[in-house]
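# Understanding the architecture of this molecule
Residue strings, one per chain:
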Amino acid sequence: MRLPHVLASAAVSIDGFLDDDTPERLVLSGPADLDRVDAERAGVDAILVGGDTVRADDPRLLVRSPQRRADRLARGLRPSPLRVVLSSRPVAPDARVLTEGRELADTVVLCGPPDEVLDRLAAHGVVRLMIEGGARVHRDFLAAHAVDELQLAIAPRLVGAGPRFTGVPLQGHLVETRRVEQDVLLRYRFGDADTRWLAEACSLAERCPPSASAFSVGCVVVAADGTVLATGHSRRDDVLDHAEEVALRDLDHADPRLPGATIYTSLEPCGQRASRPTTCTQHILDAGVGRVVMAWREPPLFVGTPSGAARLAEAGVEVIERPEFVELARRPNLHR
Ligand SMILES: NC(=O)C1=CN([C@@H]2O[C@H](COP(=O)(O)OP(=O)(O)OC[C@H]3O[C@@H](n4cnc5c(N)ncnc54)[C@H](OP(=O)(O)O)[C@@H]3O)[C@@H](O)[C@H]2O)C=CC1
Ligand SMILES: Nc1c(N[C@@H]2O[C@H](COP(=O)(O)O)[C@@H](O)[C@H]2O)[nH]c(=O)[nH]c1=O
């Protein structure tokens, strides 16, 4: 996994179009899906579009919800993510990405191949990037194998003519289908199994209610055949909840798939805790899960000597650490 983590987001018609062939802007998503996209915007560091999308749609590319803007501010972020326009020429001075919301977000214009653009954004501290189109930008980033997650909303209409959502030959892995009123959201991830499930665990960590006195962690339990058995994130059901604890709580420990399953977690499972008597390390051992893939080794912030990974390894669990995910795992943590 390289940084930034890239979420490509698009709305298409049933027949695969991103827009029609008229000059008027076509909004395919219904209100609930636009609100879902707004929540995704609030969870990234930058939103990127191509120059033709700016010329065709004149978007503002801002988080719309006042509550989400306030939540970002409370996390020490700008109210809305950095706006990035990919273009070989200057953006028209009257474009809304330049004239509107300047107090909420900056706008930069970048030019160059996807890898270079991503390196420049990473160097400026962008850990999560959302690409909102258009067709060419989606195609170029997919072709460069630079997309980690694709969110495709299918709207209930046929368009007939216009720019299509066109990719390249690339195998995706379906991680979720969700009805959003009249639209259907399809979520795909790319890459090998460990990479895509650890990235998914890090994305789940973004859902944690913020806390100054506990970590924000996400976790996915995946069977050997790729079936997701459970997911969890910190404080999911109760303020004291840990991610692995809630995921394993949802499972029957007699499930024969658990010994062959892997727990993907954005933080090393706790080996000591003050909040409850049973550690996540113990929950994992009790459930008999055979493999743990983790992103961030627990820093000695809340307990003196974090020891979860060592205890799991001593007990015969295969433990794999993927340090290239550390920045992604740290991002939702206020005290990082
Ligand atoms: N339904 C949906 O979710 C969405 C639909 N859309 C629709 O998509 C259409 C636009 O898509 P499309 O026409 O493919 O255009 P894009 O928005 O993908 O922009 C392509 C243009 O951006 C510039 N550009 C792209 N990549 C780079 C790069 N790496 N470096 C420098 N410049 C770059 C180039 O133009 P130049 O250098 O001349 O600026 C290029 O022609 C519109 O109709 C819009 O409504 C758009 C977003 C979302
Ligand atoms: N049409 C369309 C999308 N279009 C995207 O949203 C941008 C408009 O942003 P804003 O001006 O901030 O509202 C537009 O330029 C394009 O990137 N997105 C979606 O989720 N669903 C849709 O149907």
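By the naming in an unreviewed UniProt entry, the protein chain is Riboflavin biosynthesis protein RibD, taken from Actinomycetospora chibensis. According to the UniProt record, the Pathway (unreviewed entry) comment for the protein chain is "Cofactor biosynthesis; riboflavin biosynthesis; 5-amino-6-(D-ribitylamino)uracil from GTP: step 2/4." Of the protein chain, the UniProt comment under Function (unreviewed entry) reads exactly: "Converts 2,5-diamino-6-(ribosylamino)-4(3h)-pyrimidinone 5'-phosphate into 5-amino-6-(ribosylamino)-2,4(1h,3h)-pyrimidinedione 5'-phosphate."

What follows concerns the site of ligand 1. Inspection of the region around ligand 1 gives 24 residues, with Asp-19, Thr-53, Ser-87, Ser-88 and Gly-112 positioned closest. Taking Asp-19, its side chain carries an N or O atom lying 2.6 Å from an oxygen atom of ligand 1. One nitrogen or oxygen atom from the side chain of Ser-87 is found 2.4 Å from an oxygen atom belonging to ligand 1. Coverage of ligand 1 by the protein chains reaches 84% of its 930 Å² of free accessible surface. Looking at the shell around ligand 1, the elements that each hand over two or more residues are β1 (5-12), α2 (51-57) and α6 (135-143). No other element matches α2, which puts six residues into the shell around ligand 1. Among the residues forming the shell around ligand 1, the class breakdown is nine nonpolar, eight polar and seven charged.

The subject of this paragraph is the sheet that holds strand β9 (residues 218-222). Spatial strand order, β10-β9-β11-β12-β13: five strands in an open sheet with mixed pairing. Each edge of the sheet is formed by a strand with only one pairing partner; in this case those strands are β10 (228-233) and β13 (318-321). The average angle at which neighbouring strand axes cross in this sheet is 15°, direction not considered. Judged from the four bridges that link them, β9 and strand β11 (residues 262-267) form a sheet pairing that is antiparallel.

Right, let's get into helix α9 (residues 280-287). The complete set of buried residues in α9 reads Cys-280, Thr-281, His-283, Ile-284 and Ala-287. On an axial view of α9, the arc spanned by its buried residues comes to 160°, and they lie on one face. Against the buried residues of α9 lie α8 (243-249), β11, β12 (291-296) and α10 (308-314). Looking one or two residues past α9, Gly-288 carries a phi angle of roughly 75°, positive in sign.

The subject of this paragraph is the site of ligand 2. Near ligand 2, the surroundings consist of 17 residues, among which Leu-28, Ser-29, Arg-60, Leu-61 and Arg-64 are the closest. In the model, a nitrogen atom of ligand 2 is placed 3.3 Å from a nitrogen or oxygen of the Leu-26 main chain. Within the side chain of Arg-64, one N or O atom sits 2.4 Å away from an oxygen atom of ligand 2. Coverage of ligand 2 by the protein amounts to 91% of the 520 Å² it exposes when considered alone. Elements supplying a minimum of two residues to the shell around ligand 2: α1 (31-42) and α2. Of the residues belonging to the shell around ligand 2, the class tally is nine nonpolar, two polar and six charged.

The next subject is the packing of aromatic side chains. Aromatic ring pairs are described here by two measures, namely the spacing of the ring centres and the angle between the planes. Taken as a whole, this structure holds one aromatic pair when the rule is applied. Note on Phe-215 and Trp-296: the rings are 5.5 Å apart at their centroids and 85° apart in plane angle, and the pair reads as edge-to-face. Placement of the pair is Phe-215 in the loop between α7 (193-205) and β9 and Trp-296 in strand β12, with a sequence separation of 81 residues. Trp-296 carries the same exposure label as Phe-215, and that label is buried.

As a further point, take the sheet that holds strand β8 (residues 183-189). An order of β4-β3-β2-β5-β1-β6-β8-β7 is seen for the eight strands of this open sheet, with the pairing classed as mixed. Every other strand in the sheet has two partners, leaving β4 (107-110) and β7 (173-180) as the edge strands with one partner each. For this sheet, the mean angle separating the axes of adjacent strands, direction not counted, is 20°. Across six bridges, β1 lies against strand β6 (residues 149-154) in parallel orientation. Bridge pairing in β6 links Leu-7 to Glu-149.

Within the secondary structure, Ser-88 is located in the loop between β3 (82-86) and α4 (96-99). When the C-alpha atoms of Ser-88 and Cys-111 are compared, they prove to be 5.5 Å apart, with 23 residues separating the residues in sequence.

About the criteria used
- Residues numbered from 1 in each chain as written.
- Chains lettered and ligands numbered in written order.
- Predicted model: local features only at pLDDT ≥ 70, side-chain atom pairs only at ≥ 80, totals over all residues.
- Heavy atoms only, no water.
- UniProt positions renumbered as here; feature names shortened; annotations may be inferred.
- Near = heavy atom within 4 Å.
- Polar contact = N/O pair within 3.5 Å; in protein donor to acceptor, adjacent residues only side chain to side chain.
- Areas by Shrake-Rupley, 256 points an atom, 1.4 Å probe, with all protein chains shown as cover.
- Helix = DSSP H or I, 4+ residues; strand = E, 2+ residues; numbered from the N terminus.
- Nonpolar A, V, L, I, M, F, W, Y, C, P; charged D, E, K, R; others polar.
- Pairing = 2+ DSSP bridges.
- Axes fitted to C-alpha atoms, helices over the stretch in contact; angles between N-to-C directions.
- Buried < 20%, exposed > 50% of the residue type's maximum accessible area, 1.4 Å probe, protein only.
- Arc of directions from axis to C-beta.
- Contact = heavy atoms within 4.5 Å.
- Phe/Tyr/Trp six-rings, centres within 6.5 Å; stacked < 30°, edge-to-face > 60°.

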